[in-house]
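# Coordinates in review
Chain by chain, the residues run as shown.
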Amino acid sequence: MNPELAIIRIKNLRLRTFIGIKDEEINNRQDVIINVTIHYVADKARKTDDMEHALNYRTITKAIISLVEDNRFSLLEHLTGKILEIASEHPWVEYATVEVDKPHALRFADSVSLQLSWQRQD
């Protein structure tokens, strides 16, 4: 593992969106819980203490919030993929993973979740 690699974790971001294919899901917002992990080379940020050399996790989180709250999704796969696009779009990102939980999606389960990952190919 690269010693200069930083890992940002956005944990349990709780949002509400329209997600699903049943009428009640189409007509009512539901809770989703989002976890994002982003790996990036942070040697300049670590050495300079300058925000210009760091990924801004606040900016990334705001983009995710806007995406989730302002759109409708039929599939968990599509929602998770769109969030992964945001998490991996900066050129410094080496690897990203996103997991989206849909609480109470199944009668006898706490939640259903879907996870997708992306890795830079050079």
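Residues numbered from 1 in each chain as written. Predicted model: local features only at pLDDT ≥ 70, side-chain atom pairs only at ≥ 80, totals over all residues. Heavy atoms only, no water.

As annotated in an unreviewed UniProt entry, the protein chain carries the name Dihydroneopterin triphosphate 2'-epimerase and is attributed to Shewanella yunxiaonensis. One UniProt comment on the protein chain, placed under Sequence similarities (unreviewed entry), says "Belongs to the DHNA family." Looking at the Catalytic activity (unreviewed entry) heading of the UniProt record, one finds this comment for the protein chain: "7,8-dihydroneopterin 3'-triphosphate = 7,8-dihydromonapterin 3'-triphosphate". (UniProt positions renumbered as here; feature names shortened; annotations may be inferred.)

Sheet faces and side chains relate simply in a regular strand, where the side chains alternate between the two faces. Within strand 4 (residues 93-103), eight of the eleven residues are buried, which leaves the element mostly enclosed by the surrounding structure. As defined by bridge partners, strand 2 (residues 30-41) adjoins strand 4 across eight bridges and the pair is classed as antiparallel. What sits directly across from Ile33, in strand 4, is Asp101. Sheet analysis places strand 4 next to strand 5 (residues 111-119), joined by nine bridges and oriented antiparallel. By the bridge assignment, Pro103 is partnered in strand 5 with Ser111. (Buried < 20%, exposed > 50% of the residue type's maximum accessible area, 1.4 Å probe, protein only. Helix = DSSP H or I, 4+ residues; strand = E, 2+ residues; numbered from the N terminus. Pairing = 2+ DSSP bridges.)

Now for the sheet that holds strand 4. On the basis of which strands lie adjacent, the open sheet formed by five strands has the order 3-1-2-4-5 and mixed pairing. For this open sheet the edge positions go to strand 3 (72-73) and strand 5, each flanked by a neighbour on one side alone. Relative to strand 2, strand 1 (residues 5-19) is paired through eleven bridges, and the arrangement is antiparallel. When the bridges of strand 2 are listed, Arg16 appears paired with Asp31. Where helix 3 (residues 57-69) meets the sheet, it contacts strand 1, strand 2 and strand 3, and its direction lies at approximately 20 degrees from that of strand 1. Seen against the sheet, helix 4 (residues 76-88) touches strand 1, strand 2, strand 3, strand 4 and strand 5 and runs at an angle of roughly 150 degrees to strand 4. (Contact = heavy atoms within 4.5 Å. Axes fitted to C-alpha atoms, helices over the stretch in contact; angles between N-to-C directions.)

If you look at soluble globular proteins, the nonpolar side chains tend to sit buried side by side. Of all hydrophobic cores here, the largest spans 30 residues; its most connected members are Ile34, Val36, Ile64 and Ile83. For this core, the elements supplying multiple residues, two or more each, are strand 1, strand 2, helix 3, helix 4 and strand 4. Setting aside residues no more than four positions away along its own chain, Ile34 makes contact with Ile10, Lys11, Asn12, Leu13, Leu15, Ile64, Val68, Ile83, Val98, Glu99 and Val100. (Core = buried A, V, L, I, M, F, W, Y, C linked by side-chain atoms within 4.5 Å.)

All right, on to helix 3 then. Here helix 3 contains 13 residues, and its C-alpha end-to-end distance of 18 Å stays within 8% of the 18 Å for a straight helix at 1.5 Å per residue. Within helix 3, the full set of buried residues consists of Ile60, Thr61, Ile64, Leu67 and Val68. The buried residues of helix 3 occupy an angular sector of 125 degrees when projected down its axis, which confines them to one face. Counted as exposed and oriented over 90 degrees from the buried face of helix 3: Arg58 and Lys62. The residue sitting at the N-terminus of helix 3 and contributing the capping side-chain oxygen is Asn56; that oxygen lies 2.9 Å from the backbone nitrogen of Arg58. (Expected span 1.5 Å × (residues − 1). Arc of directions from axis to C-beta. Polar contact = N/O pair within 3.5 Å; in protein donor to acceptor, adjacent residues only side chain to side chain.)

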